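The primary structure of each chain is shown beneath.
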Amino acid sequence: MTYVEDELTSQPECWTRAAAEAGRHAGVLPAPGERVALTGCGTSYFMAQAAAALREAAGQGETDAFAASEFPHGRSYDRVVALTRSGTTTEVLELLGRLKGRTRTVAVTADPDTPVMDAADDTVVLGFVDERSVVQTRFATSALTLLRAHLGLHTDAVVADARTALATPLPEGLVDCAQFTFLGRGWTVGLANEAALKMREAALAWTEAYPAMEYRHGPISITTRSTATWMLGDPPEGLAGQVRATGGTWVADGLDPLAGLVRVQRLAVAVAAARGLDPDSPRHLTRSVILTP
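Here goes a summary of the coordinates provided.

Brief notes about unusual backbone geometry
For L204, which is not glycine, the phi dihedral falls at a positive 50 degrees. The topology assignment puts L204 in the loop between α8 (188-203) and β7 (206-211). Exposure remark for L204: the relative accessible area of 35% places this residue in the partly exposed category.

So, in C-alpha cells, the structure goes:
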C-alpha cells in the first residue's frame, strides 16, 4: 500500500477527531460577523475556497479566499486564516509576515516544529493528520472538517458517507477514461478544483474543473465516450442528461460532497496504478514549495 492510500483510508477517523477539536479552538477561529479571508497554496487554497463559501452562505460574515501569492493587501480583514500542511510554504510565510501587527492571523497546520508557529498570531495544530505522501488527502479534508464543525455544519452522517466512499467500488470503466471533468456549486466548486488537482498530481491525468452551471458554456464541447464528468454535490437540472447525450460518463454518487472527494482520491490512486505511476512521488513536485531568496 502506498502512503497516500494508507492516509486517505484513515479519513473517517481523522474527521471525527478534527470535528471534536473545533470547540477547543473556537477562540482563535473566525467569530460570527468578522470579515475574514482564508488563504493557502495548491490544495490548501482549494480548501480555503470551500470554507469561505460555506462560512458566507451560513451568514457568518463576508468571507474571501485567495492564493497566498495573490492576497489583496489593499483590503482590510478582521482575521486571516492560513491553511498550510507543512508550515514551511514560502508564499504563506511571506504573507503572514506582511500581515503581522496589522491583521490577526491564524494558521491551521500539521507540524508544530515549523516556521509558521512564529509567523502566525494563533495556530491550530492537527498533528494527527500529518502525511508522508506529497499528495495531500487527510490533512486537507480534516482542516475543512474542522472549519465545517466550527460553523456547526459537520454531522456524523458526513463520516458515515466517508466510510461508504471507501467501501463501495468505483464506477466500472472509470479508470480507463482519457479525460476527467469535476463540477461543483457553491462550496463544492473548491472541492471540484481539488479533485482535478488530485488527478493531475497522482495520475498525470487530463483533468478540468468548473462551476457546474458553466459547463454548458463551452467545456461540454470536449465531452466524448472517453471522458467522465463527475458532479460533487447536487447537479443543475438537466445537466446529467446533456452529458449522457454526448456519450460521456456522468458520475454523481449522492454522498456528502466531502465524502465524494474521498472517492476521487481513490480514483486518482487507481488511475496511477493503471498507468504504472507512483502516486507518492508525483512528477516535478515536492511536499512543500520552499523558494530561495
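Quick notes on the packing of aromatic side chains
Enumeration over the complete set of coordinates arrives at 5 aromatic pairs. With centroids separated by 5.5 Å and ring planes inclined at 35 degrees, the aromatic side chains of Y45 and F46 adopt a geometry described as tilted. Take F46: its relative accessible area is 16%, and that puts it in the buried class. Where F182 meets W230, the ring centres are 6.1 Å apart and the plane angle is 40 degrees; that geometry is what we call tilted.

Examining helix α6 (residues 138-150)
Its 13 residues give α6 an end-to-end C-alpha distance of 18 Å, which sits within 8% of 18 Å, the value for a rise of 1.5 Å per residue. Counting buried residues along α6, 12 of its 13 residues qualify, which places the element largely inside the surrounding structure. If you check which residues of α6 are buried, you get R138, F139, A140, T141, S142, A143, L144, T145, L146, L147, R148 and A149. Just past α6, the residue G152 takes up positive phi, approximately 80 degrees.

Points about the sheet that holds strand β5 (residues 122-125)
Taken in spatial order, the 5 strands make up an open sheet running β2-β1-β3-β4-β5, and their pairing is parallel. Of all the strands in the sheet, just β2 (63-67) and β5 have a single pairing partner and so form its edges. When strand polarity is set aside, the average angle formed by the axes of neighbouring strands in this sheet is 20 degrees. Pairing geometry for strand β4 (residues 104-109) and β5, over 4 bridges, is parallel. Bridge assignment links A107 to a residue of β5, and that residue is T123. Lying over the sheet, helix α3 (residues 43-57) contacts β1 (36-40), β2 and β3 (79-84), oriented at roughly 170 degrees with respect to β2. Its contacts with the sheet place α6 against β1, β3, β4 and β5, and it is angled at close to 135 degrees to β4.

Parameters and conventions
- Residue positions are given per chain, counted from 1 along the sequence in the order it is written.
- With pLDDT at 70 or above as the cut-off, local features in this predicted model cover only qualifying residues; side-chain atom pairs require 80 or more to be listed or tallied, and sums for whole chains, interfaces and linings still use all residues.
- Side-chain metrics rest on all non-hydrogen atoms present in the structure, leaving aside hydrogens and water.
- To qualify as a helix, a DSSP run of H or I must reach at least 4 residues; to qualify as a strand, a run of E must reach at least 2; elements of each kind are numbered from the N terminus.
- Each residue gets one of three labels from its accessible area relative to the maximum for its type: buried under 20%, exposed over 50%, partly exposed in between, using a 1.4 Å probe on protein chains only.
- When two rings of Phe, Tyr or Trp (its six-membered ring) have centres within 6.5 Å they constitute a pair, described as stacked for plane angles under 30 degrees, edge-to-face for angles over 60, and tilted for the intermediate range.
- Expected span of a helix: the number of residues minus one, times 1.5 Å.
- Here, a strand pair is defined by DSSP locating no fewer than two bridges between the strands.
- Axis definition: a line fit to C-alpha positions, over the contact stretch in the case of helices; interaxial angles, taken between N-to-C directions, run 0 to 180 degrees.
- Only heavy atoms enter the contact rule, under which two residues are in contact if any of them lie within 4.5 Å.

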